[in-house]
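Geometric and topological summary
Chain by chain, the residues:
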Amino acid sequence: FPDAVALLQPVVAVHPNEDRVCITCAQAMHSLGDPASKVVAVLQQGELYGMKDPEFVAWLGGALFLDGRFGESRKTFDTGRAQGEFGLEDENRIRFRPFSPGGSPSQLRLEGVVVELRPQYGFVQVPGYPTVYFRSRWVDRSVAIDSEVSFRLVFTARGAQAISVRKKTSA
């Protein structure tokens, strides 16, 4: 991936409106463990046309979320959905599965408490983050309101989502 980043960064600089090049460069940077702020900077160069692409929206909104810029993240998801006129499948497909910080090959897992649980969906409150949505099909059946859970964080064109939601076991 270092070679990919070295090759793509000059292309992004010369052709910033090529949103697919921006996404590819951002993916390589994220795989190498670059900070979310650097990934955001590359993606923002492709914003003009990228906001009509559900993958671009998921990556930019997700990178902003990981950088702690939650208001900008939410605005990105909302704007993308409005501009892109995505179909239901495009909106809900997982497009960005962030790695743990530092370039770890493992997918990012977070922990929190279930604060709302409905038949089809729910929300997890994670310290330092906004509440994260999940669909019931991604939940361990033993989970209830106030359960402490761990989950994998992913991003769609709609926003952050929790998958593989599991009740934490006592150590």
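The rules behind each value
Within every chain, residues take consecutive numbers counted from 1 along the sequence as written. Reporting of local features is limited, given that this is a predicted model, to residues whose pLDDT is at least 70; pairs of side-chain atoms are given and counted only at 80 or more, and all residues count toward the totals for whole chains, interfaces and linings. Each side-chain value is derived from all of the structure's non-hydrogen atoms; neither hydrogens nor water enter the calculation. By nonpolar core is meant a set of buried Ala, Val, Leu, Ile, Met, Phe, Trp, Tyr and Cys residues that side-chain atoms within 4.5 Å join together. Relative accessibility decides the category of a residue: with a 1.4 Å probe and only protein chains considered, values under 20% of the type maximum give buried, values over 50% give exposed, and everything between is partly exposed. In this text, helices come from DSSP runs of H or I with a minimum length of four residues, and strands from runs of E with a minimum of two, each type numbered from the N-terminal end. Any pair of residues with heavy atoms lying within 4.5 Å of one another is described as a contacting pair. For two strands to be treated as a pair, DSSP must find no fewer than two bridges joining them. One less than the residue count of a helix, multiplied by 1.5 Å, gives the span that helix is expected to have. Sulfur atoms of two cysteines make up a disulfide when they are within 2.5 Å. Comment: arc refers to directions from the helix axis out to C-beta atoms. Two rings from Phe, Tyr or Trp (for Trp, the six-membered ring) form a pair when their centres are within 6.5 Å of each other. A pair whose planes differ by under 30 degrees is stacked, one over 60 is edge-to-face, and the rest are tilted.

On to the nonpolar core, then. Ranked by internal contacts, the top residues of the largest apolar core, which has 38 residues, are Leu-43, Val-132, Phe-151, Leu-153, Phe-155 and Val-165. Within the residue set of this core, elements represented by two or more residues are helix H2 (19-31), helix H3 (36-44), helix H5 (54-66), strand S1 (109-117), strand S3 (132-135), strand S4 (148-156) and strand S5 (159-167). Element by element, the count of residues in this core is highest for H5, at 8 residues. Other than its neighbours up to four places away in sequence, Leu-153 contacts Phe-65, Leu-66, Arg-97, Pro-98, Gln-107, Leu-108, Leu-110, Val-132, Ala-160 and Gln-161.

Right, let's get into the pairing of S5. Buried residues dominate S5, accounting for 7 of its 9 residues. A loop of 2 residues connects S4 with S5, the two strands running antiparallel in sequence.

Our next topic: H2. Across its 13 residues, H2 extends 18 Å between first and last C-alpha, which sits within 8% of the 18 Å expected from 1.5 Å per residue. Of the positions making up H2, those classed as buried are Asp-19, Val-21, Cys-22, Ile-23, Cys-25, Ala-26, Ala-28, Met-29 and His-30.

What follows is about the state of the cysteines. A full pass over the atoms with the stated rule returns 0 disulfides. The closest cysteine sulfur to the non-disulfide-bonded Cys-25 is located on Cys-22, 7.6 Å from its own sulfur.

This brings us to H3. Along H3, the residues classified as buried are Ala-36, Val-39, Val-40, Val-42 and Leu-43. Burial along H3 is one-sided: seen end-on, the buried residues are contained in an arc of 165°.

For the structure on display, the rule yields 10 aromatic pairs. Summarising the aromatic geometry, the rings of Tyr-121 and Phe-123 are spaced 5.9 Å apart at their centres and angled 80° between planes, so their arrangement reads as edge-to-face. Of the residues examined, Tyr-121 reaches a relative accessible area of 29% and is grouped as partly exposed. With a centroid separation of 6.2 Å and an interplanar angle of 20°, the aromatic rings of Tyr-121 and Tyr-133 are classed as stacked. Within this pair, whereas Tyr-121 is found in strand S2 (residues 121-125), its partner Tyr-133 is found in strand S3, the two being separated by 12 residues in sequence. Through successive ring pairs, a cluster of aromatic residues spans Trp-59, Phe-65, Phe-70, Phe-77, Phe-96, Tyr-129 and Phe-155.

Purely spatial values, then, with no claim about function.
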